[in-house]
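A look at the structure
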Amino acid sequence: MKVYSRRDFLKLAALGLGTIAFRPFFGAGESIGQDLDNVTLGRIARESISVYSQPDDKSSILYTRYRDELINIYDEVISDKGPVWNPLWYRVWRGYIHSAQIQIVQHRLNPVASAIVGDKQLAEVTVPFTQSMRRINGQGWQPVYRLYYESIHWVVAVEEGPDGAPWYRIKDELLDADSMDYHVPAAHLRILSEDELTPISPEIPHHQKRIEVSLAQQTLVAYEYDVPVLETKISSGLNYKPDPDKPSWKTPTGEFNISVKMPSKHMGDGQLTSDLNAYELPGVPWSSFFAENGVAFHGTYWHNNYGIPMSHGCVNMKPDEAKWLFRWVRPIHEEIDWDHKGLGTTVIVT
C-alpha cells in the first residue's frame, strides 16, 4: 500500500479532485447543468419510492424511484392530506414524492489533506454517497460499504486508491483489525476542524442541564436552568419485539444519564459487505448513549421521517441537531479520550 510523500501528494492532489468527482444519476426526462450548487438534491433512502400525481398517497402513481437515485427537488409542499406527523412533500419531475425517505444532500468536493494529524481525525462525507473499497491480498480492490452524506468517519491515513488518486483510509471502530480498514476517495470527505468539536455551554453546572423526551409527542427538549435551548422532532424506537429472547425496540422510559459519547459509531451486525440491504450503518454521527442495550441520541442519514417511531430503540435526530446535542451534553469529551465514560447530563424519557 503506497503512502504518499509530499512530492507524490502535490502531483496527485489535482487528480483526486478531478477524476473521482461524484457524478449523480438522474432518471429519464431529467437533466442537470454542470453547476450543482444551485440545485436542491434528494437521495432516495429506501429500496424504492413512488412518485404521485398529487401530494397525496391516494393519488395515482406515476413512476418509481430506487435506492440512491438522486432527484431534483423544485419545491416543498405541506399537504392537507397528511400524513399528520409529517405532511411535507417534495415537488419533483412530473409529480410529488413524500419526504419521509428522502435525504436532502449536497455535492461538495474538498481539499485533500497531505497527512493526518495525530493518530486519526474525524471527517464528514460531503457528497450524496461514496463507495468504499478494501484491498485484499491476492484479490485486489473490492467494494465494501457505501458511505452516505453527513455520516462521520475516522481517517487514519492518506494513501493511493484504486484509481491512483489520494484516498483516505478509514478505521471502523466496530472492526478493530487493521486488515479490516477500508478506503474512500479523499475529496469526498471533509476533515472536521477543532472548532466544530468544542463543548457548548460548558460553564453551565451539571445539574442545570437536562433533556426531556416525549414518546407520545415524539419531541425532544433540552433545558438550561429550566429554559429550553433546543426543541425538535425526533423518531424513537418502534413498539416491536422481533424475538422473545431479545429486548423490545421501544425506547425505554425513565430517568437516565448520558454515559458515553462517540462521534462516529458503526451500528449493525459488523459484516464486511457491499450488500445495500444488510443491516450495516457505518459512520452513524454524534451518538450520545444514555441507556442499556446501546440506546443513544444520534444523527440519522437513512430517513427523514421525524415525528413517528422509526428506530430499533435509539432516538433518531437530524444530524446537525445531534451534533449540537453531542457537544452540549456531559460528560465533556476530550481529544485523547473520545469514549470518555461518566455520569452525565440527565435524560428523562416519558
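Look a little higher up for the structure.
What counts and how
Residues numbered from 1 in each chain as written. Predicted model: local features only at pLDDT ≥ 70, side-chain atom pairs only at ≥ 80, totals over all residues. Heavy atoms only, no water. Helix = DSSP H or I, 4+ residues; strand = E, 2+ residues; numbered from the N terminus. Polar contact = N/O pair within 3.5 Å; in protein donor to acceptor, adjacent residues only side chain to side chain. Contact = heavy atoms within 4.5 Å. Pairing = 2+ DSSP bridges. Axes fitted to C-alpha atoms, helices over the stretch in contact; angles between N-to-C directions. Core = buried A, V, L, I, M, F, W, Y, C linked by side-chain atoms within 4.5 Å. Buried < 20%, exposed > 50% of the residue type's maximum accessible area, 1.4 Å probe, protein only. Phe/Tyr/Trp six-rings, centres within 6.5 Å; stacked < 30°, edge-to-face > 60°. Lys NZ or Arg CZ within 6 Å of the ring centre and 35° of its normal.

Once that is clear, we can look at the side chain of His98. Structurally, the position occupied by His98 is in strand E7 (residues 95-98). Polar side-chain contacts of His98 include one of 2.7 Å to the backbone oxygen of Asn86. In terms of polar contacts, His98 uses its side chain to reach the backbone amide nitrogen of Ala100, at 3.3 Å. Not counting residues within four places of it along the chain, the set of residues in contact with His98 comprises Pro83, Asn86, Leu88, Trp89 and Asn305.

If you trace the three strands from one edge of the open sheet to the other, you get E4-E1-E8, paired in antiparallel fashion. Unpaired on one side and paired on the other, strand E4 (70-72) and strand E8 (102-105) mark the two borders of the sheet. For this sheet, the mean inter-axis angle between neighbouring strands, taken without regard to orientation, is 35°. Bridge count for strand E1 (residues 41-44) against E8 is four bridges, and the pairing is antiparallel. When the bridges of E8 are listed, Arg43 appears paired with Gln103.

Looking now at the nonpolar core. By size, the foremost hydrophobic cluster in this structure holds 29 residues, and its most contacted members are Ile211, Leu220, Phe290, Phe297, Met317 and Leu325. Secondary structure elements with two or more residues in this core: strand E12 (152-160), strand E16 (209-214), strand E17 (219-224), strand E21 (280-291), strand E22 (295-299), strand E23 (315-317), helix H2 (319-328) and strand E24 (346-349). With four residues, the top contributor of residues to this core is H2. Leu220 has contacts with Ile211, Glu212, Val213, Leu230, Glu231, Thr232, Ile234, Phe297, Met317 and Leu325, leaving out every residue within four places of it along the chain.

A few words now on the packing of aromatic side chains. One pass over the full model with this rule turns up twelve aromatic pairs. Taking the centre distance of 5.8 Å and the plane angle of 80° together, the rings of Tyr52 and Trp89 count as edge-to-face. Taken together, the positions of Tyr52 in strand E2 (residues 48-52) and Trp89 in strand E6 (residues 88-92) put the pair 37 residues apart, joining distant regions of the chain. Considered together, Tyr52 and Trp89 belong to a single accessibility category, that of buried residues. Directly above the ring of Tyr223 sits Arg210, whose terminal nitrogen or CZ lies 4.2 Å from the centroid.

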